[in-house]
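# Per-entry structural report
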Amino acid sequence: VPLKKRNITVQAPQPPDVSEIAGRLAAWFALHARDLPWRKRIRGKRNPYAGLVSEAMLQQTQVSRVIEKYGEFMQRFPTLHALADANESDVTAAWAGLGYYRRARNLHKAAIMVRDQFGGKLPNSVEDLRLLPGVGRYTAGAIASIVFNQPEPLVDGNVVRVLSRLYARPGAADDNVTLRWTWDREAEVARAAGPDVAACNEGLMELGATICTPGATPRCDICPLRTLCIAAREGKQSQIPAPKASKARARLHIIMLYLEGKDGTILIEQRPPGGLWAGLWQPPCLELPDTSPEQVPASVRTWLNTPSRTGPLRNVILTLLCTVTRTLTHRDVTFEVYHGTLPKLDPSELHTITFGAPKAKRTITSAARPIPATPAQLTSRGISNAHAAALTAAQTKLKSPQH
Ligand code: SF4
């Protein structure tokens, strides 16, 4: 007997209800929010200045690291006016340890702008917030919604992951289409949250940071969105979002000169105001992009190894102290640190150090002539974490009995 044909239709899963998502996130956050110093409320309200500072610090830095530095920074600059009135060098020094010093300079400029153009009050609209230096779409959305309870979306890596999994959308997290899609979905969720938008948005990020974590083991069993989540229902959490396309990493080789005077001071110089590690301090360095140790130009090797060189370091013996490698977000950096002792650190002569390379090849030209300083003074002026690591390794080597 012929079997009757049956029409089988596979129904696409219903997208989760945005009001339900918003309500559950806000309720969950009210019970489970981590106690973080910038979340303190005064008479039920968040401190807008604390919101601005914490958002600047949290960009590309882990919460645990920010907690270590936040209190100290707020003690040093307790109000927006205190920050706006400070010297930039004091602000970057207080930022030491957080890295990405451009954020400190932008935060300082933003405080000045709020003082001078917004009557000292942080604006509450995304449009005005985005006029502030260093405030992009995410930060403006975060401050507007979390601090001022405006129905604005915010999207960071956590939000992309949670929403992609909720809807079982498989795109890569850094794909532009995925990002546009996430901004649209999050705008719907934020609107649906109504007066609970602050708790909803912060809850969404908190959930991504603590429960819906990257990789194969999100804690779905305790997730408030479990029954709405299509990826969890289909067992696809570990595949969503798709891995980011790997980008080729840049390489940077740095020859650093640890030039010590008889009084224990070393020579330091300030980097130019733009570009990588802008405005920070360092011992004199030669930067060689896309170069491995074997590819360092022969003229530079000869200059380092031949004390009979001409110029202000004539007859100074330069000894290789250590090689230090650091992995930054977008590049791998290798430092070769050379030590030399000078009877007198005379900055008027020493600003012409050329490293044996034609001057044009010295990619970093200091903003001002080098000055002598103690290593502690160098740290307090503001130094990148990478240079600080190279310096620490050099000092350890100098103190070792084998040296
Ligand atoms: S159920 Fe699991 S995958 Fe879905 S949002 Fe919650 S933690 Fe993430």
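What comes next concerns the included structure. Here the structure is a predicted model, which means the values were calculated and not measured. (Residues numbered from 1 in each chain as written. Predicted model: local features only at pLDDT ≥ 70, side-chain atom pairs only at ≥ 80, totals over all residues. Heavy atoms only, no water.)

### So, the pairing of strand S3 (residues 250-261)
Among the twelve residues in S3, nine count as buried, and that is most of the element. Where S3 lies against strand S8 (residues 331-342), twelve bridges are found, and the strand directions are parallel. Of the residues in S8, the one forming a bridge with Leu257 is Tyr338. Two strands pair when backbone bridges link them, and S3 and strand S6 (residues 285-289) are joined in this way by five bridges, in the antiparallel orientation. Within the sheet, the bridge partner assigned to Met256 lies in S6 and is Cys285. (Buried < 20%, exposed > 50% of the residue type's maximum accessible area, 1.4 Å probe, protein only. Helix = DSSP H or I, 4+ residues; strand = E, 2+ residues; numbered from the N terminus. Pairing = 2+ DSSP bridges.)

### Looking at the pattern of salt bridges
The tally for this structure, following the rule as stated, stands at 15 salt bridges. Between Arg39 and Glu202 there is a salt bridge, with its nearest N and O atoms 2.9 Å apart. Placement of Arg39 in the loop between helix H1 (18-32) and strand S1 (41-42) and of Glu202 in helix H11 (residues 197-210) is noted, with a sequence separation of 163 residues between them. Pair check on accessibility: Arg39 and Glu202 agree, each one buried. A salt bridge links Arg115 to Asp116; the nearest nitrogen and oxygen atoms lie 2.7 Å apart. Each of Arg34, Arg39, Arg46, Glu202 and Glu206 takes part in a single network of salt bridges with overlapping partners. (Salt bridge = Lys/Arg side-chain N within 4 Å of Asp/Glu carboxyl O.)

### Brief notes about the pairing of strand S4 (residues 266-270)
Most of S4 sits inside the fold, with four of its five residues counted as buried. Relative to strand S9 (residues 371-373), S4 runs antiparallel, the two sharing three bridges. By the bridge assignment for S9, Leu267 is matched with Pro372. One ladder, built from two bridges, connects S4 with strand S5 (residues 281-282); its direction is antiparallel. Of the residues in S5, the one forming a bridge with Glu269 is Gln282.

### Structural notes on the packing of helix H9 (residues 157-166) against helix H10 (residues 176-193)
Where H9 contacts H10, the two axes come as close as 10 Å, and the packing angle between them is 80°. Regarding the angle of H9 to H10, the classification is roughly perpendicular. Within the contact between the two elements, H9 uses Val159, Val160, Leu163 and Ser164 and H10 uses Thr178, Leu179, Trp181, Thr182, Arg185 and Glu186. Residues that form the contact of H9 with H10 fall into these classes: five nonpolar, three polar and two charged. (Axes fitted to C-alpha atoms, helices over the stretch in contact; angles between N-to-C directions. Parallel < 35°, antiparallel > 145°, perpendicular 65-115°, else oblique. Contact = heavy atoms within 4.5 Å. Nonpolar A, V, L, I, M, F, W, Y, C, P; charged D, E, K, R; others polar.)

### Quick look at the packing of H10 against H11
With their axes 8 Å apart at the nearest point, H10 and H11 run at an angle of 145° to one another. Between H10 and H11 lies a crossing whose hand is right-handed. Each of Glu186, Val189, Ala190 and Ala193 in H10 lies in contact with H11, whose residues at this interface are Val197, Cys200, Asn201 and Leu204. Within the contact of H10 with H11, the residues separate by chemical class into six nonpolar, one polar and one charged. (Left-handed = near helix turned anticlockwise from the far one by under 90°.)

### Here we look at the environment of Asp196
On the secondary structure map, Asp196 appears in the loop between H10 and H11. The spacing of Asp196 and Arg326 is 130 residues in sequence and 43 Å in space, taken between C-alpha atoms. With near-sequence residues (within four places) excluded, Asp196 lies in contact with Ala26 and Asn149.

### Let's talk about the side chain of Arg39
Look at Arg39 and you get buried, because its relative accessible area is 14%. Among the polar contacts listed, one links the side chain of Arg39 to the side chain of Glu202, at a separation of 2.9 Å. What Arg39 contacts, discounting residues up to four positions off in sequence, is Phe29, Ala33, Arg34, Arg46, Glu202 and Glu206. (Polar contact = N/O pair within 3.5 Å; in protein donor to acceptor, adjacent residues only side chain to side chain.)

### Notes on the nonpolar core
Counting 61 residues, the largest nonpolar core has Phe73, Trp95 and Phe335 as its most contacted members. In terms of nonpolar packing, the next biggest core, distinct from the first, is built from 39 residues, Ile21, Val159, Ile211 and Ile230 among them. (Core = buried A, V, L, I, M, F, W, Y, C linked by side-chain atoms within 4.5 Å.)

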